[in-house]
There are 2 protein chains.
Amino acid sequence: MIWHNGVLREGTTITLDASDRGLLLGDGLFETVAVFNRRAFRLAEHWARMVAAAARIGLPIDRTAFDDATSALVHHSTDRNGVLRITVTRGAGPRGLAPTPGAVPTIIATLARWRPDMAFRSVALATSTVRRNSGSPLSRIKSLGYLDNVLALKEALDLGADDALLLNEAGSVACSSAGNLFVVNGSRLLTPPVEDGVLPGVTRRLVLGHAREFGLSVAEVSLKPEDLRNADAVFLTNSVRLLEVVRRLDGADLRSLNCDIPRILSQKIAASIHNETGLVLQPLC
Amino acid sequence: MIWHNGVLREGTTITLDASDRGLLLGDGLFETVAVFNRRAFRLAEHWARMVAAAARIGLPIDRTAFDDATSALVHHSTDRNGVLRITVTRGAGPRGLAPTPGAVPTIIATLARWRPDMAFRSVALATSTVRRNSGSPLSRIKSLGYLDNVLALKEALDLGADDALLLNEAGSVACSSAGNLFVVNGSRLLTPPVEDGVLPGVTRRLVLGHAREFGLSVAEVSLKPEDLRNADAVFLTNSVRLLEVVRRLDGADLRSLNCDIPRILSQKIAASIHNETGLVLQPLC
């Protein structure tokens, strides 16, 4: 099923203007939202992030379409859980880079499978040769231009790792190919600030909130790769995979002295999901 | 007319798999080729650039399709001149960033209008707040992720300029939103090296060749914004606009002491076009 510009249809294809700027220039945004028990988890926060990104790139977006696409796909799905993707492009336009005022955005939404084994995994990272660009606003918004991340992930997979560690142009840690990164040191929880070229993740925000409630000392600070090697624990967050513990970096085991805090935070994520959707998940163990 | 996966069709729309990675992730490449007098100018060089880019991102591409799209569109066009765009995406795939081996690329080609007044103009540049990322391979290939350039151009237009000047993360000059940049100092012609986050432009290469033949001392060296302010002349190159003299930067006139060399180089570009296509163009005057 595909929701396309207000219409829910069977099939796998859409009719798209060949001049759609999303296709030709990566001129658009998207959100990936986990659906648990037929409820789009933290949908309002995904919408808020898209609003902020749309304001940054000057793209008009429509809450009604966002909500309609979500409810139509969730309602018609045979699965209770899923991964919703909502894509908004700047729509069709004349040749050239300059956006034309009044262009009508294209909105496409689909729902893919989600299985519990996609969440709360352990992963090995490989440091990518591709650098994250903190000097671009796109490093902080979920735009369609994901080829850097695709290349970084491919490179990591080719090295036998599960995901890539991306550093920014200054050599500071930014993120994985599709997740935010956290470091635990004693009772301190550290994560790179958005300014370092980091997407303000919805699960990142959830974890920061849970960590503060739990009494951890939380800070958004620039991190170097050695901070990962010296950490008590390292983990990633992502709306679909929730929380992943990083066990290895560049072929070497991390110290991972203490996985209590990632475990507790994964329990708190699972509790939030249970409270908001009723779904019972097995957290990290 | 649209050439799509081997078929030339009337109309403005295509049927696209909603999971096409070009649309969802900017996972693809394109070339923009000027057509003069029904001949695609320097098509072999555009093809060679796409081959190199495709090898870098692991995308299989097909010379026959590239040539067929070009000849079909040029043959059926009512205009003798045009701007050909050939887009190749990684095609449809399952959710997630990792490319699936064996995916069938999507190829889309269109031909837009080209008019002589699009070439050999004078332009004012405004330095962008968006930085070019020399730490990404995408800074050196023509991938679909052009939103940085879109934002940079929009910012420049909003400031009353014609185009953006993009610096890389180190503050070195990279390019405009869609063109390579050159500086003339006496009989020296300087342009940033590809390593600084620069697309290896087809017209850039043509100009470097003409400059060497003319006896200029040519060097690919990192440039700072002050090198533009101190230059005898500054110009941009691009396959559609050919050569554009930069008259102003950030609201101030450039010294532009000597426009002889841009003028001579524009004459040489016009002569190459005449030799290869028969079209007579009025060079920069």
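What counts as what
- Residues numbered from 1 in each chain as written.
- Chains lettered and ligands numbered in written order.
- Predicted model: local features only at pLDDT ≥ 70, side-chain atom pairs only at ≥ 80, totals over all residues.
- Heavy atoms only, no water.
- Phe/Tyr/Trp six-rings, centres within 6.5 Å; stacked < 30°, edge-to-face > 60°.
- Helix = DSSP H or I, 4+ residues; strand = E, 2+ residues; numbered from the N terminus.
- Buried < 20%, exposed > 50% of the residue type's maximum accessible area, 1.4 Å probe, protein only.
- Lys NZ or Arg CZ within 6 Å of the ring centre and 35° of its normal.
- Contact = heavy atoms within 4.5 Å.
- Buried area = accessible area lost by both parts, 1.4 Å probe.
- Salt bridge = Lys/Arg side-chain N within 4 Å of Asp/Glu carboxyl O.
- Polar contact = N/O pair within 3.5 Å; in protein donor to acceptor, adjacent residues only side chain to side chain.
- Pairing = 2+ DSSP bridges.
- Expected span 1.5 Å × (residues − 1).
- Axes fitted to C-alpha atoms, helices over the stretch in contact; angles between N-to-C directions.

A short note on the packing of aromatic side chains
All names here are of chain A.
Phase 1: Taken as a whole and judged by the stated rule, the model has 10 aromatic pairs over all chains.
Phase 2: Judged by centre distance (5.3 Å) and plane angle (70°), the ring pair of Phe30 and Tyr146 falls under edge-to-face. Here Tyr146 lies in the loop between strand S8 (122-127) and helix H4 (147-158) and Phe30 lies in strand S4 (residues 28-36), a separation of 116 residues in the sequence. When sorted by exposure, Phe30 lands in the same class as Tyr146, which is buried.
Phase 3: Clustering of aromatic rings is evident, with ring pairs tying together Phe36, Phe41 and Trp114.
Phase 4: Of note, Arg85 hangs over the ring of Phe30, and the distance from its end group to the ring centre comes to 3.7 Å.

Some details on the interface of chain A and chain B
Accessible area lost on assembly of the parts is the figure often given for the size of an interface.
Phase 1: Each partner contributes to the interface: chain A provides 58 residues, whereas chain B provides 57 residues.
Phase 2: Summing the contributions of chain A and of chain B, the shared interface buries around 4,300 Å²; its carbon and sulfur component is 68%.
Phase 3: For the interface between chain A and chain B, the tally reads 0 salt bridges.
Phase 4: Linking chain A with chain B are 18 residue pairs in polar contact (both at pLDDT 80 or more), by the criterion used here.

Concerning the pairing of strand S11 (residues 180-185) of chain B
Residues and elements named next belong to chain B.
Phase 1: Within S11, 5 of the 6 residues are buried, which leaves it mostly tucked inside the rest of the structure.
Phase 2: Bridging between S11 and strand S14 (residues 233-238) involves 5 bridges; their strand directions are antiparallel. Following the sheet pairing, Val183 is matched in S14 by Val234.
Phase 3: Relative to strand S12 (residues 188-191), S11 runs antiparallel, the two being bridged by 3 bridges. Opposite Val183, over in S12, you have Leu190 as the bridge partner.

Comments concerning helix H5 (residues 202-213) of chain A
All names here are of chain A.
Phase 1: Taking 1.5 Å as the rise per residue, H5 with 12 residues should run 16 Å; its terminal C-alpha atoms sit 17 Å apart, in good agreement.
Phase 2: Listed as buried for H5 are Val202, Thr203, Arg204, Leu206, Val207, Leu208, His210 and Ala211.
Phase 3: Two residues or fewer past H5, Gly215 is found with a positive phi of approximately 95°.

Here we look at the environment of Gly209 of chain A
Phase 1: Among the structural elements, Gly209 of chain A can be located in helix H5.
Phase 2: Each C-alpha atom, one on Gly209 of chain A and one on Glu226 of chain A, is 26 Å from the other, the two residues being 17 residues apart in sequence.

With respect to the sheet that holds strand S2 (residues 7-9) of chain B
All names here are of chain B.
Phase 1: With respect to topology, 6 strands assemble into an open sheet ordered S2-S1-S7-S6-S4-S5, the strand pairing being antiparallel. Two strands in the sheet have a free side with no partner beyond their single neighbour: S2 and strand S5 (39-40).
Phase 2: Of the pairings in the sheet, the one linking strand S6 (residues 82-89) to strand S7 (residues 106-112) comprises 7 bridges and is antiparallel in character. In the sheet register, Ile86 faces S7, and the bridge partner there is Ala109.
Phase 3: Running at roughly 175° to strand S4 (residues 28-36), helix H2 (residues 43-57) makes contact with S4, S5 and S6 of the sheet.

In short, shape yes, function no, at least from these values alone.
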